[in-house]
Amino acid sequence: MGRAPSLTVTSLKVGRRTSAPSRRAIPEETAVALVYDGGTEAVMMATPADLEDFAVGFSLNEGVVSAPGDIRAVEIADQPDGIELRLWLAADRAQALAGRRRTRAGPTGCGLCGVDSLAEALRPLPTVESPLTIPAADLIAAMSALADLQALNRETRAVHAAALFVPGEGIVAVREDVGRHNALDKLAGALAREGRSAAGGAILMTSRISVELIQKAAIMGAPILAAVSAPTALALRTAEGARITLAGIVRDDGLEIFTWPERIGVKHG
C-alpha cells in the first residue's frame, strides 16, 4: 500500500524562440490526518513519504507524547480523500490528550497545530544549553552537500528538506516534504526512532525560518538552526529567548548569524 511521493505529468515547455511538449515530475500533496485513539487531532497537507517518521515527530514536537515509547502502535491507512495516521497512545498520554481536547475553544488551523489560544501559540519553550561549536565553513559545506542528498527535490524541484549535521559525522539524516514544518517533524521522528538526539548537531533547513521551526527545534533540543533563507522577526526573537543559534542566508559565499553567535566559529582578519 502507499502513495507515490511524486507524479510525472506533461507540460508545454516554452523558450525564447520555441515551445515543445515536455514531461516533469511534481511532488504529491496529500491530506494527512493525525488520529489518536480514534480522535482526529490535526489534518496537514503533506508529502506521502516517511509517514511513520512524521507521525512520531509531529507527536513529539506538538507535545502529544514525550517519548516514542508513549506511542503503542502506528497504522497508516489510505482513505479516498487522503491518509490517516492512526496512533494508539499509552494510557497516561491518552488521558492527557483527552483532557486537552475537553478544554479546547474551537477548531484549529494547520500552521500551529493543536493550538487554541494566542498564549499557547507563543508558549514558553525550553532553553537550549549547549557548549557545541561548529565552524562557519563546516555549516556552509554541509548546506552545499545537502542538495545531493535531496532525492525528491532533485526529481521535482519543489520540496523542502530538513537535515541534521553532526560534527565529525556529516549529515546523518534528511527528510523532505512540501511543507517545511512537516519536513522538520519527519526529521524529528526519524531521529527519535533511531535513538539519536538533535542536541549534538545543527539542523539545516532549505526554507525561510518561521517561528514554528524555532519552536520545533527547541523541543528537539537543537542548539543551532541554519537555513538558506532569512528568519522572520518573530522567529529571531523566539530563537533569542530559547538560546538557539540562528544562522540564515547560508550560501556558498557565507552566512549571517542572527542570535547566539558564539556557537559558530568565525575566522577574523
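For clarity, every value in this text was computed on a predicted model and none was experimentally measured. (Residues numbered from 1 in each chain as written. Predicted model: local features only at pLDDT ≥ 70, side-chain atom pairs only at ≥ 80, totals over all residues. Heavy atoms only, no water.)

(A) Main features of the overall build of the protein. Across its full length, the protein carries eight helices and 14 strands. Radius of gyration (C-alpha) of the protein: 19 Å, near the 18 Å computed for a compact globule of 269 residues. Judged by the C-alpha coordinates and their principal axes, the protein covers about 60 × 55 × 35 Å. For the protein, restricting intrachain contacts to residue pairs at least 6 apart in sequence, the fraction spanning at least 24 positions comes to 52%. Of the roughly 12,900 Å² of accessible surface on the protein, a fraction of 52% belongs to carbon and sulfur atoms. Placing the 28 positive and 31 negative side-chain charges of the protein at their respective mean positions leaves the two points 5 Å apart. (Helix = DSSP H or I, 4+ residues; strand = E, 2+ residues; numbered from the N terminus. Rg over C-alpha atoms; globule rule 2.2 N^0.38 Å. Contact = heavy atoms within 4.5 Å. Areas by Shrake-Rupley, 256 points an atom, 1.4 Å probe, with all protein chains shown as cover. Lys, Arg positive; Asp, Glu negative; His and termini not counted. Charge placed at Lys NZ, Arg CZ, Asp CG, Glu CD.)

(B) A look at the confidence of the model for the protein. In the predicted model, the protein carries a mean pLDDT of 93, and 92% of its residues have values of at least 70. Contacts from residues 105-111, a stretch scored under 50 in pLDDT, to residues over four places away or in other chains number seven contacts. (pLDDT = per-residue confidence, 0-100.)

(C) Region of interest: the sheet that holds strand β12 (residues 245-251). Here six strands make up an open sheet; going across it, the order is β9-β8-β10-β11-β12-β13 and the pairing mixed. Each edge of the sheet is formed by a strand with only one pairing partner; in this case those strands are β9 (170-177) and β13 (254-259). For this sheet the average axis-to-axis angle between neighbouring strands, irrespective of direction, equals 20 degrees. Pairing analysis gives four bridges linking β12 to β13, with the strands arranged antiparallel. Counted as the bridge partner of Ala247 is Ile257 from β13. Packing against the sheet, helix α4 (residues 136-146) makes contact with β8 (160-166), β9, β10 (202-205), β11 (224-227), β12 and β13, and its axis sits at approximately 45 degrees to β10. Across the sheet, helix α6 (residues 180-194) lies against β8, β9 and β10, angled at about 135 degrees from β9, the strand it touches most. (Pairing = 2+ DSSP bridges. Axes fitted to C-alpha atoms, helices over the stretch in contact; angles between N-to-C directions.)

(D) A look at the sheet that holds strand β4 (residues 39-46). Spatial ordering of the open sheet is given by β4-β3-β6-β5, a layout of four strands whose pairing is mixed. Each edge of the open sheet is held by one strand with a lone partner, namely β4 and β5 (71-79). The sheet shows a mean angle of 20 degrees between the axes of neighbouring strands, direction not considered. Bridge count for β5 against strand β6 (residues 82-89) is eight bridges, and the pairing is antiparallel. Its bridge partner being in β6, Val74 is matched across the sheet by Leu87.

(E) Molecular detail of the packing of aromatic side chains. Scanning the entire structure with this criterion turns up one aromatic pair. The interplanar angle of 70 degrees and the centroid separation of 6.2 Å between the aromatic rings of Phe54 and Phe58 together place this pair among those described as edge-to-face. In this pair, Phe54 and Phe58 are both assigned in helix α1 (residues 51-61), four residues apart and thus about one turn of the helix distant. The same class applies to Phe54 and to Phe58, which are both buried. (Phe/Tyr/Trp six-rings, centres within 6.5 Å; stacked < 30°, edge-to-face > 60°. Buried < 20%, exposed > 50% of the residue type's maximum accessible area, 1.4 Å probe, protein only.)

(F) Main features of the packing of α1 against α6. Look at α1 against α6: their axes get within 6 Å of each other, and the N-to-C directions meet at 95 degrees. On the basis of their axis angle, the class for α1 and α6 is roughly perpendicular. Here α1 contributes Glu52, Asp53, Phe54, Val56, Gly57, Phe58, Leu60 and Asn61 to the contact with α6, which in turn contributes Asn182, Leu184, Asp185, Lys186, Ala188, Gly189, Ala190, Ala192 and Arg193. Residue classes in the contact of α1 with α6 are distributed as eight nonpolar, four polar and five charged. (Parallel < 35°, antiparallel > 145°, perpendicular 65-115°, else oblique. Nonpolar A, V, L, I, M, F, W, Y, C, P; charged D, E, K, R; others polar.)

(G) Quick look at the pairing of β6. Of the strand pairs in this sheet, strand β3 (residues 30-36) and β6 are connected by five bridges, and their pairing is parallel. Paired with Ala33 across the strands is Glu84, a residue of β6. Between β5 and β6, which pair antiparallel one after the other, the connecting turn spans two residues.

(H) Up close: the layout of surface pockets. Space inside the largest pocket adds up to approximately 190 Å³. Surrounding the largest pocket, 13 residues form its lining, Leu60, Ala188, Ala192, Ile219 and Met220 being those nearest its centre. Contributions of two or more residues to the lining of the largest pocket are made by α1, α6 and α7 (211-220). Of the residues assigned to the lining of the largest pocket, the class counts are nine nonpolar, three polar and one charged. (1 Å grid on protein atoms, 1.4 Å probe; cavity = no way out; pocket = protein on both sides within 12 Å on 5 of 7 lines; lining within 4 Å. Points joined across faces, edges and corners; volume = space filled by probe spheres on them.)

(I) Structural context of α6. Here α6 contains 15 residues, and its C-alpha end-to-end distance of 21 Å stays within 8% of the 21 Å for a straight helix at 1.5 Å per residue. Of the residues making up α6, those classed as buried are Arg180, His181, Asn182, Ala183, Leu184, Asp185, Lys186, Leu187, Ala188, Gly189, Ala190 and Leu191. Tucked inside the fold, the buried residues of α6 contact β4, α1, β8, β9, β10 and α7. Where α6 ends, the next residue or the one after it, Gly195, has phi of about 75 degrees, a positive value. (Expected span 1.5 Å × (residues − 1).)

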